[in-house]
Amino acid sequence: MQTQQRRGDRQELLLDTVERLLADRNFRDLTVADVMVEAGLPRTTFYRHFPDLEAILLLGVARVSEELGDAAALWLNDVTDPVGSLR
């Protein structure tokens, strides 16, 4: 279980790093080397978790989509005051 936890922690670190880097630059300008320098990990670690940068981007998009769905569900389930809960 500890190995799975560490794997999940590394994936989170890489995802957070990509998100931080994308705040300042275009995805097309991002490289695996940039991500790994910023994360402070060896380049090979990236490829243990993701085949390429597009895969980590898709994971990030999937998570944002899930968060939006969760937020919408909370709002839609508030039958007492949906407009107020939207605010």
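All of these numbers come straight from a predicted model, not from anything done at the bench. Along each chain, residues carry numbers from 1 onward, in the same order as the chain's sequence is written. It should be noted that, the model being predicted, local features are given only for residues of pLDDT at least 70 and side-chain atom pairs only at 80 or more, the latter also being counted only at that level, while totals for whole chains, interfaces and linings use all residues. The side-chain quantities take in all heavy atoms of the structure and omit both hydrogens and water.

Asker: Help me understand the nonpolar core in this model?
Answerer: When a protein is soluble and globular, its nonpolar side chains tend to lie buried together. By convention a nonpolar core is built from buried Ala, Val, Leu, Ile, Met, Phe, Trp, Tyr and Cys residues, the set being connected through side-chain atoms within 4.5 Å. Summary of the burial criterion: residues with accessible area below 20% of their type's maximum are buried, those above 50% are exposed, and those between are partly exposed, where the area comes from a 1.4 Å probe applied to protein chains only. Judged by nonpolar contacts, the single largest core of 14 residues is most densely connected at Leu14, Leu30, Val35, Met36, Phe46, Leu53 and Ile56. Helix numbering and strand numbering both begin at the N terminus, where a helix is a DSSP run of H or I of at least 4 residues and a strand a DSSP run of E of at least 2. Contributions of two or more residues to this core are made by helix H1 (2–22), helix H2 (32–39) and helix H4 (53–77). In what follows, a contact means two residues having at least one pair of non-hydrogen atoms within 4.5 Å. Among residues more than four places away in sequence, those in contact with Met36 are Leu14, Leu41, Pro42, Arg43, Thr45 and Phe46.

Asker: Looking at this model, I keep getting lost on the packing of aromatic side chains. Mind explaining?
Answerer: The description of two aromatic rings rests on the distance between their centres and on the angle between their planes. Ring pairs shown here join Phe, Tyr and Trp side chains whose ring centres sit within 6.5 Å, with only the six-membered ring taken for Trp; geometry is labelled stacked below 30 degrees between planes, edge-to-face above 60, and tilted in between. Counted under the stated rule, the structure contains two aromatic pairs. Considering the side-chain rings of Phe46 and Tyr47, the 5.3 Å spacing of their centres and the 80° angle between planes classify their relative orientation as edge-to-face. A residue is classified by how much of its surface remains accessible, and Phe46, at 0% relative accessible area, is buried. Pairing Phe46 with Phe50 gives two aromatic rings, centres 5.7 Å apart and planes at 40°, and the pair type is tilted. Across this residue pair, the class does not change: Phe46 and Phe50 are buried. By way of ring pairs, the aromatic residues Phe46, Tyr47 and Phe50 are connected into one cluster.

Asker: Help me out: how do you make sense of the confidence of the model for the protein in this one?
Answerer: The predicted structure's coordinates, where accompanied by low pLDDT, should not be read in detail. For every residue, the predictor states its confidence as a pLDDT score lying anywhere from 0 to 100. Per-residue pLDDT for the protein has a mean of 87; in total, 87% of the residues score no lower than 70. Ranking the helices and strands of the protein by mean pLDDT puts H2 first, with 97, and helix H5 (residues 82–86) last, with 67.

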